[in-house]
Every structure is written in C-alpha cells, then in structure tokens.
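# Report on the structure
Listed here are the chains, written in short residue letters.
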2 protein chains.
Amino acid sequence: MQTQSENRCFGGTQGVYTHASEACGCDMTFGLFLPAEAADGPVPVLWYLSGLTCTHENAMVKAGAQGWAAEQGIALIFPDTSPRGEDAADDEAYDLGKGAGFYVNATEAPWAPHFRMWDYVAEELPALVGENFALDMERQAITGHSMGGHGALTLAMGLPGRFRSVSAFAPISNPTASDWGRKQLNAYLGKDESTWARHDASLQMAEVGFDGPILCDTGTDDQFIDLLRPEALAEAVAKRRQEATLRLQKGYDHSYFFVSTFMEDHVTFHAEALYA
Amino acid sequence: MQTQSENRCFGGTQGVYTHASEACGCDMTFGLFLPAEAADGPVPVLWYLSGLTCTHENAMVKAGAQGWAAEQGIALIFPDTSPRGEDAADDEAYDLGKGAGFYVNATEAPWAPHFRMWDYVAEELPALVGENFALDMERQAITGHSMGGHGALTLAMGLPGRFRSVSAFAPISNPTASDWGRKQLNAYLGKDESTWARHDASLQMAEVGFDGPILCDTGTDDQFIDLLRPEALAEAVAKRRQEATLRLQKGYDHSYFFVSTFMEDHVTFHAEALYA
C-alpha cells in the first residue's frame, strides 16, 4: 500500500492510498479520514460510496463530511467507483465502464475480469483497511450518493450484520426499472434479470429489508429524480414496516451542494447507531 | 448579468453569475451564496478572495463556508482571481497572469489593459452585487487564502471604513520580500518599488493598520510558509499594538483541508463584527 498524500484535517488526517487490488486486477486508490481519536485506538467506520463519474476524490473534497466525522470520532472511507488503468474495459458513455462500476461483480465480457466492485468494497478493501489502520470493524455504517446510494443500500441489505445503519443521498433506488440501471445491469450481469434483483434496493427491501435504521434524502428539484425512482423504495419501506426516515428536501438538486447541506444529519444519524 | 447556475444549499442559494467587467475589460464570473434570510431583506456580506491558480469555483466547492454562513445569515462572495479570455495577457507560469492577478491594478505592459483586480474587487463588483442582490453593503467583512489572504489584508487596510473585520488563511504576508510577490509586483507595477508598498500587508500594517479585529491562521507544516513570511506580519502587528489574533496551527499545510478546518472560526469571527 502506497501513501499518495496525507493532510491534516479537522484535527485528524485525510489520507489517500493506493494498493494492488486482487478483486479488480489493477491498482486502486481510496481516501481515508482518521479522526484524532484514532491515535488512541480503533474508531468506528463510515463508508461513503460515490456516484457516476466520481473517483475517491470528489466526496473527499466536496461533501464536507470530515468536520462532522471529527466531531463524532468516526473514520470515513472513500473508495473509487470502478477499476482503473489500461487493462480494464471502458465505454465512451459516462454511465458505463470506468467511473460507473455500480457496485456489482460483472459476469459478462468485456467487464468480468476487472469490474468486481462488490467484492472490492464488501471484502477486499475492508480487510485491507482493517489491517492497516486503527479502525473498529465491529462498528461500521455506510452511506453514498446517487449510484453510491444504490451501493450503500444494496450492500447493507446484502451483508446482514455488517452495517449498523445505512443512509443515502439521492440514491438510485430501483435500477431494474430505470435507465440508470437496466443498461448497466444488462452489460455487467447479462440478460437474465433474476441476477439483477440483489442489486436493486427496492427489490431487496421487499425481499429481506435491513436490520437497523435507514435515512434517505432526495431533493424535490433533483434533475435526475425520474431515474432515481425514490417512490419505489418508499413503497417497499412502508410495506415492510422498515425502520426508516425518507425525506424529500424542497428545492434541492443532485449536486454536492445538496449532499453537503445534509451531511451533518447523516453523520449524526450514523454516530447514534455506531455508539448505541 | 447572466446566471450560470443556482443550487439550493444550506437553505439558501449558491449562485454563479457572469457579467461584462469594465475594470478588467472582459467577462468575469463570480460565485455568490445567499442565506435564506436574504429573502426577507439585505444581509451582511463576507468576501472570500482565492489564491493562485483558483477561479471563483475552488472555495465555493471546497472551503465548506456555506454552512457556517447560513447559520449566521451572512452572504458569501467568491470573485475570480484574474481577468480571463483571449484578449487578456497571460504567462506560462502558474504564478503570473491568469489565475494570479494579485489584487492590484497593473500599470505595465502587457498587463495594464486587463489586470485591474484591485478596482474590480474594491469598486466594480461591490457596486454590481449591491444593486442586484439583497446585500447590506454597510456591513462587509473580508477573508481569503494565500494570494487571496494578501488581497483581503491589503484591501481591508487600503479601504478604511469599508470592512468591519478581516481574516486570512495562510496569507502571503510580505510580498515585497518574497518570491511570491517580487516577481508579480515587478511585472504588474514596474521597477519602482515605492508603488509596491500598498500591496504588502506587513508594510501596510506598519504604515496604517486596520480599524477592527484581524484573525490569521497559518499551518506549521505549510509547504509554502517561507514564501508567506507570517513572521513579518506578526512583527508589524505586535509593533502597532493592532487588535489581532495570529495563530500557527500545528501540522496543517496549505491545502483546502486546512482552510475548511478553520472556516467555522473565521465565519464566527466575522459574524461577531458584522452583528456588533
């Protein structure tokens, strides 16, 4: 593991690290914020999964999460959104290939050799950071934005007992019924739609739900709201009687100005679960 | 004036606007955050001047200022750092020409026709925003980072009575004695160093001081600290018995991770002066 940079930030350290990833078959880079408390012992962890076109860096510099994480003594992990490098396949579209891994393990050509973001975020990266940093892997929570909100919700429901709480900003909530989803699931997983269901938060909510609290925010003026389909998740949550707070925030759009506005709420929400 | 974008942000609006600038002889773009209170009447104003290589956008997305400004009911203005466009002269170096206006009115070729950032920030832009937005121009304060900290300090001292408070993050404090300064002042203002003094915060502090409180933060691990020369400003402040808080922050560098860490302190500091 190589250190790319470490900057003092809110009394802790914002680091960027690169490592050879077995899951993705390429070098992968991630951001990690450690609060001051990590100097004294393991701290709880909040994962932040990013959206289409993002790298590890976008949320790290624009989401304003470190201040609130520092206040709560919580670490933040910012993974990349896809494999990188010349060996990994790509597509000209912004919403397929690099920057658009969709947090699945691809089974189809040309994606299968590298696009294994589920394994990367669910298995390889937690093992790596758990070994190398003062993180309490018994206390994890997860959040994300847009495609990353989809990732957070599907990972939380797909890995029972792993995360104490899950939240999302403008998540892609029903990808099997959206142009943000059908295209990618078809490309990565193939035409058999039965393999798609575990990567659809609304279907997973109907099927298994989540053993803990959920918080979701979406802007009423989100320019992509028809692709996000918050109504599908809302219906599934209500039908299941799932513990959840789903909020539609008046006037907000899909940008990081929206994410940063509600970041304090999300970090506080996770802190309550992590320290319960 | 053209609206480039408006995003809902912390209950207010983060806008980006472009206008034809007479001072700079080109189109100029600036960011403006208006808190919710601006819907009911004029609000106080905090200017944020950016550093070398920046546009209006850097601080707007990375400094984390809007949340604190919203809490205090204060507007934020993020000007660009130089003229733009094909007509304006430029230099291959990152620290001269575009992105490096240094907040002076150039008198030398090829800079004089466009590089009039002092007039732009001191006169033209305040008049424009005062006419077009709900801003209380009787209550202004100013801050900035690096070259923008230099701008904030020299504007505050050069325009007595304009600003109620001034602060800076890692300001270029003594440009007449630094490679971040001598090169630019020579290029923009010419060889007669007597014209440089009003653009040197340490010399201005010795000469005139500031009628209000000052707050400056600089990181002890700032990679450019030898160019910033905080010691010159510290000496001048102490000699003048100027009301000021000068802090050296252990372990912090020159990045926006440093700026965002101390932004709450700076906005709170200005709010106290603006609402006094």
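Report on the accompanying structure. From a predicted model like this one, the values you see are computed outputs, not experimental measurements.

## Notes on the pattern of salt bridges
Residue and element names in this part refer to chain A. Summed over all chains, the structure comprises 20 salt bridges over all chains. The salt bridge partner of Asp80 is Arg84, with a shortest N-O separation of 2.8 Å. The class for Asp80 is buried, based on a relative accessible area of 3%. Between Arg247 and Asp265 there is a salt bridge; the shortest N-O distance is 2.9 Å. In this pair, Arg247 is assigned in strand E9 (residues 244-249) and Asp265 in helix H9 (residues 256-274), connecting sequence segments 18 residues apart.

## With respect to the pairing of strand E5 (residues 75-78) of chain B
Residues and elements named next belong to chain B. Of the two faces of E5, the one carrying Ala75 and Ile77 and the one carrying Leu76 and Phe78 are both buried. One ladder, built from 3 bridges, connects strand E3 (residues 26-34) with E5; its direction is antiparallel. Bridging across to E5, Phe33 finds its partner in Leu76. Where strand E4 (residues 43-49) lies against E5, 3 bridges are found, and the strand directions are parallel. Bridging from a neighbouring strand, Val45 pairs with Ala75 of E5.

## Examining the interface of chain A and chain B
One frequently used descriptor of interface size is the decrease in accessible area upon assembly of the parts. Of the residues lining the interface, 21 residues belong to chain A; the matching set on chain B comes to 21 residues. Taken over both partners, the interface formed by chain A and chain B buries close to 1,600 Å², and the fraction arising from carbon and sulfur atoms is 62%. Sorting the residues of chain A by area buried against chain B places Arg8(A), Phe10(A) and Phe257(A) first, and these three jointly supply 40% of that buried surface. Where chain A touches chain B, the interface holds 0 salt bridges. Applying the counting criterion to the chain A and chain B interface returns 8 residue pairs in polar contact (both at pLDDT 80 or more). Looking at the side of chain A that touches chain B, the elements with two or more residues in it are strand E1 (2-9), helix H1 (57-62), helix H2 (66-72) and H9 of chain A.

## Overview of the environment of Ala88(A)
Residues and elements named next belong to chain A. By secondary structure assignment, the location of Ala88 is in the loop between strand E5 (75-78) and helix H3 (117-132). Remark: the alpha-carbon pair of Ala88 and Cys24, spanning 64 residues in sequence, is separated by 8.5 Å. In contact with Ala88, not counting residues within four places along its chain, are Pro83, Lys98, His114 and Phe115.

## Let's talk about the relation of the copies chain A and chain B
For the pair chain A and chain B, the superposition axis carries a translation of 0.0 Å, the fit reaches an RMSD of 0.0 Å, and the rotation angle comes to 180°. The two molecules are tied by a two-fold rotation axis, judged by turn and shift. When C-alpha distances to the rotation axis are compared across chain A, the minimum falls at Lys62(A), with a value of 2.7 Å. Comparing interface residues between copies, 100% of those in chain A also lie at the interface in chain B; the contact surface is shared.

## Some thoughts on the packing of H3(A) against helix H4 (residues 147-158) of chain A
Residues and elements named next belong to chain A. Running from amino to carboxyl end, H3 crosses H4 at an angle of 60°, the nearest separation of the two axes being 12 Å. Compared by their axis directions, H3 and H4 come out oblique. Between H3 and H4 lies a crossing of right-handed hand. Note on element contacts: H4 touches H3 through Thr154, Leu155 and Gly158, opposite Trp118, Val121 and Ala122. Classifying every residue of the contact of H3 with H4 gives 4 nonpolar, 2 polar and no charged.

## Some thoughts on the side chain of Thr176(B)
Residues and elements named next belong to chain B. In this fold, Thr176 is placed in the loop between strand E7 (163-169) and helix H5 (182-189). Within the local environment of Thr176, its side chain forms a polar contact with the side chain of Asp200, the two groups lying 2.8 Å apart. In contact with Thr176, other than residues within four places in its own chain, are Arg182, Leu185, Trp196, Asp200 and Leu203.

## Let's talk about the sheet that holds strand E2 (residues 12-21) of chain B
All names here are of chain B. Reading across the sheet, the 9 strands line up as E1-E2-E3-E5-E4-E6-E7-E8-E9 and stay open at both edges, with mixed pairing between neighbours. Single-partner strands in this sheet number two, and they are strand E1 (2-9) and strand E9 (244-249). Direction aside, the axes of adjacent strands within the sheet are offset by 20° on average. The pairing of E4 with strand E6 (residues 135-144) spans 6 bridges and is classified as parallel. Considered in E6, the bridge of Leu49 is made with Gly144. Sitting on the sheet, helix H8 (residues 230-240) touches strand E8 (214-219) and E9, and the angle it makes with E9 is about 150°. On top of the sheet, helix H9 (residues 256-274) reaches E4, E6, E7, E8 and E9; it is set at about 165° to E7, its chief contact.

## Observations concerning the environment of Phe115(A)
Residue and element names in this part refer to chain A. Residue placement: Phe115 occurs in the loop between E5 and H3. For the pair formed by Phe115 and Ser82, sequence separation is 33 residues and the distance between their alpha carbons is 6.7 Å. If near-sequence neighbours (up to four positions away) are discounted, Phe115 is found in contact with Ser82, Pro83, Ala88, Ala89, Gly97, Lys98, Gly101, Val104, Asn105, Ala106 and Tyr188.

## With respect to helix H4 (residues 147-158) of chain B
All names here are of chain B. End to end, H4 covers 16 Å across 12 residues, agreeing with the expected 16 Å (1.5 Å per residue, within 8%). When you tally the buried positions in H4, you get 11 out of 12 residues, the bulk of the element. All of the buried residues along H4 are Met147, Gly148, Gly149, His150, Gly151, Ala152, Leu153, Thr154, Leu155, Ala156 and Met157.

Rules used throughout
Residues numbered from 1 in each chain as written. Chains lettered and ligands numbered in written order. Predicted model: local features only at pLDDT ≥ 70, side-chain atom pairs only at ≥ 80, totals over all residues. Heavy atoms only, no water. Salt bridge = Lys/Arg side-chain N within 4 Å of Asp/Glu carboxyl O. Buried < 20%, exposed > 50% of the residue type's maximum accessible area, 1.4 Å probe, protein only. Helix = DSSP H or I, 4+ residues; strand = E, 2+ residues; numbered from the N terminus. Pairing = 2+ DSSP bridges. Contact = heavy atoms within 4.5 Å. Buried area = accessible area lost by both parts, 1.4 Å probe. Polar contact = N/O pair within 3.5 Å; in protein donor to acceptor, adjacent residues only side chain to side chain. Least-squares fit on C-alpha atoms with pLDDT ≥ 70 in both. Axes fitted to C-alpha atoms, helices over the stretch in contact; angles between N-to-C directions. Parallel < 35°, antiparallel > 145°, perpendicular 65-115°, else oblique. Left-handed = near helix turned anticlockwise from the far one by under 90°. Nonpolar A, V, L, I, M, F, W, Y, C, P; charged D, E, K, R; others polar. Expected span 1.5 Å × (residues − 1).

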